[in-house]
Amino acid sequence: MEKVLFDATFKAACPLRTCQQEPLFGGRGSIRISSQSCYCRGRGSFTRFSCAAARTSKQEMDLFGRTGLLLANDSSRINGSYSSALTGESYVLDAHDDEYEGVVIDPDRLPSNAIAFASSIRLSLSYWKSKGRKGVWLKLPLDLSELVPIAVKEGFKYHHAEEEYVMLTYWIPNGPCLLPANASHSVGVGGFVINNKNEVLVVQEKHHSPAFAGVWKLPTGFINESEEIYAGAIREVKEETGIDTEFIEVIAFRHAHRVAFQKSDLFFICMLRPLSTLIEVDDLEIQAAKWMPLTEFVEQPLIRGDNMFKQIIDICIARLRKRYCGLSTHQVISKFDGKSSSLYYNIIDGQDCNLGDMME
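Since the model is a prediction, treat every value here as computed from it, not as a measurement. (Residues numbered from 1 in each chain as written. Predicted model: local features only at pLDDT ≥ 70, side-chain atom pairs only at ≥ 80, totals over all residues. Heavy atoms only, no water.)

K.L.:
Explain the overall build of the chain here, please?
P.N.:
When its secondary structure is counted, the chain shows eight helices and 19 strands. Taken across its 360 residues, the chain has 44% of its residues classed as buried. Counting contacts in the chain only where the partners sit at least 6 residues apart, residues at least 24 apart contribute 58% of the total. In the structure as shown, the chain presents an accessible area of about 20000 Å², 53% of it carried by carbon and sulfur atoms. (Helix = DSSP H or I, 4+ residues; strand = E, 2+ residues; numbered from the N terminus. Buried < 20%, exposed > 50% of the residue type's maximum accessible area, 1.4 Å probe, protein only. Contact = heavy atoms within 4.5 Å. Areas by Shrake-Rupley, 256 points an atom, 1.4 Å probe, with all protein chains shown as cover.)

Shown next, in the form of structure tokens:
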């Protein structure tokens, strides 16, 4: 049986046979009450409640009575979502279930008034705690950034931030928080592009540390959100040098820790086949770019003196001579999520990309 709890003003209106409309605080919406049903409208959406089933238990009255609110009990959770019971200046915030037995607050239905938000978030936490919820996700858009200190004061912690929002979390149960942590790694790519003249595509960056002054290096960069490793390598080479390429294999990858912002770092070296030859330098990031003979590239003091760089180049040369096999990409669909994703592995049946011909 659904139960909807309203404050005294709205509850008294339910037995009437005529519909009434009452303005809500701040002009956010309106409530229409009749003997058949109640409709709560806020920011353009409707949530249906059954007035005929309205009941108020002593426990619920004790929990929410001090606020002057009567909150929806079972009926406030409709289709996996917790809907606002707009009955005054405070209400349980709109939210839907997450996969960790918690809730995700709807950022589009947050009160813009700081006082209303403070009382609503406090009330919501009490309500979700009574329902056995565990974690709470709160996404605050840039235009509601003034609400961040209020949420922090109520016990929310920073999770991550993007250009247009900050994400905060709240763990209700006692004990360690079991919500997934923020991303721990950045992912970079480097493109090893060699033509049929045994020339490697190399660049000099405009912005670098003094140790890299005058050094010719492989084109590198970071993977974008929702971008494949191989696609990122192709894009970075194109952006920095104007050269079109085709992905062949992931030759190797490096795993380092406490790099930028104390995060770990994954760096993938991809072997690419050039599809064009004319270099067009990106003036924003790149000082110069050229095709350099492979023998000249490996003789650079920085390459010869750095164990990691030297090992990477040795692996690339071994691949060219067919003495090493890297990881090619294959699209597979997993039952875990039903989505297509890239699986990287080497080919055992002896197939090759004919790159060895370049070194003969």
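Following the structure, the description resumes.
K.L.:
What exactly am I supposed to notice about a nonpolar patch on the surface here?
P.N.:
Nonpolar side chains collect at one region of the surface, where Val332, Leu343 and Tyr345 lie side by side and expose about 230 Å² of accessible area between them. Looking at the secondary structure, you find Leu343 in strand S19 (residues 340-345). Using a relative accessible area of 42% as the deciding quantity, one classes Leu343 as partly exposed. (Patch = residues over 30% accessible without salt bridge, like charges linked within 9 Å, V, L, I, M, F, W, Y side chains within 5 Å. Salt bridge = Lys/Arg side-chain N within 4 Å of Asp/Glu carboxyl O.)

K.L.:
What should I look at first to understand the sheet that holds strand S15 (residues 245-256) in this one?
P.N.:
Whenever strands of a sheet pair, they do so through backbone hydrogen bonds, lying parallel or antiparallel. One open sheet holds the four strands; their spatial order is S14-S12-S16-S15, and the pairing between them is mixed. With partners counted over all chains shown, the strands left at the sheet margins are strand S14 (220-222) and S15, one partner each. Recorded for the sheet is a direction-independent mean angle of 25° between the axes of neighbouring strands. One ladder, built from three bridges, connects strand S12 (residues 185-193) with S14; its direction is antiparallel. In the sheet register, Gly188 faces S14, and the bridge partner there is Phe222. Packing against the sheet, helix H8 (residues 307-320) makes contact with S12, S15 and strand S16 (264-274), and its axis sits at approximately 145° to S15. (Pairing = 2+ DSSP bridges. Axes fitted to C-alpha atoms, helices over the stretch in contact; angles between N-to-C directions.)

K.L.:
Explanation requested: the packing of aromatic side chains in the structure shown.
P.N.:
The geometry of an aromatic ring pair is captured by two quantities: the separation of the ring centres and the angle between the planes. Within the structure shown, the criterion is met by four aromatic pairs. Feature note: the residues Tyr230, Phe247 and Tyr344 constitute an aromatic cluster, connected by ring pairs. In this structure, Lys139 is placed above the aromatic ring of Tyr165, and the distance from its NZ or CZ to the ring centre is 4.5 Å. (Phe/Tyr/Trp six-rings, centres within 6.5 Å; stacked < 30°, edge-to-face > 60°. Lys NZ or Arg CZ within 6 Å of the ring centre and 35° of its normal.)

K.L.:
In this structure, what is going on with the side chain of Lys217? I would like to understand it.
P.N.:
Here Lys217 shows up in the loop between strand S13 (199-205) and S14. Engagement of the side chain of Lys217 in a polar contact is seen with the side chain of Thr220, the distance being 2.9 Å. Those residues in contact with Lys217 that lie beyond four places of it in its chain are Leu201, Val202, Val203, Glu205 and Phe297. (Polar contact = N/O pair within 3.5 Å; in protein donor to acceptor, adjacent residues only side chain to side chain.)

K.L.:
Help me understand the pairing of S16 in this model?
P.N.:
Along a regular strand, successive side chains alternate from one face of the sheet to the other. Most of S16 sits inside the fold, with 10 of its 11 residues counted as buried. Across nine bridges, the pairing between S12 and S16 is parallel. What sits directly across from Val187, in S16, is Leu266. Pairing of S15 with S16, which is carried by 10 bridges, proceeds in the antiparallel orientation. Looking at the pairing, Arg254 lines up with Phe267 of S16.

K.L.:
Honestly, the nonpolar core in this entry has me stumped. Any pointers?
P.N.:
Here is a general trend for soluble globular proteins: nonpolar side chains tend to be buried in one another's company. The biggest cluster of nonpolar side chains holds 26 residues, and the ones touching the most others in it are Ile105, Phe117 and Trp128. Taken together, the elements giving at least two residues each to this core come down to strand S8 (103-105), helix H3 (114-130), strand S9 (135-141), helix H4 (148-153) and strand S11 (165-171). If you look at the next biggest cluster of nonpolar residues, it comprises 22 residues, including Ile194, Ile313, Cys316 and Leu320. (Core = buried A, V, L, I, M, F, W, Y, C linked by side-chain atoms within 4.5 Å.)

K.L.:
What am I meant to see in a negative patch on the surface here?
P.N.:
Where like charges cluster on the molecular surface, the negative patch consists of Glu162, Glu163, Glu164 and Glu225. Following the sequence through the fold, Glu164 ends up in the loop between strand S10 (157-161) and S11. (Lys, Arg positive; Asp, Glu negative; His and termini not counted. Charge placed at Lys NZ, Arg CZ, Asp CG, Glu CD.)

K.L.:
Please explain the pattern of salt bridges as it appears in this structure.
P.N.:
Per the counting criterion, the structure on display carries 14 salt bridges. When the shortest N-O distance is used, the salt bridge between Arg109 and Asp94 registers 2.9 Å. On the criterion of sequence distance, the pair formed by Arg109 in the loop between S8 and H3 and Asp94 in the loop between strand S6 (81-82) and strand S7 (95-97) is long-range, its members being 15 residues apart. Using a relative accessible area of 10% as the deciding quantity, one classes Arg109 as buried. Here Glu205 and Lys217 are joined by a salt bridge, their closest N and O atoms 3.1 Å apart. Note that Glu205 is positioned in strand S13 and Lys217 in the loop between S13 and S14, a separation of 12 residues in sequence. Each of Glu227, Arg235, Glu236 and Glu239 takes part in one network of salt bridges that share partners.

K.L.:
Where do I start with the side chain of Glu236 in this structure?
P.N.:
Locating Glu236 in the fold gives a position in helix H5 (residues 229-241). Note on Glu236: relative accessible area 8%, which makes it buried. Contacts of Glu236, omitting those with residues within four sequence positions, involve Val189, Thr220, Gly221 and Phe222.

K.L.:
Could you clarify how one ought to interpret the environment of Ile269 in this entry?
P.N.:
Here Ile269 shows up in strand S16. The class for Ile269 is buried, based on a relative accessible area of 3%. Taking the C-alpha atoms as reference points, Ile269 and Leu218, separated by 51 residues in sequence, lie 9.4 Å from one another. What Ile269 contacts, discounting residues up to four positions off in sequence, is Gly190, Glu249, Val250, Ile251, Ala252, Ile312 and Cys316.

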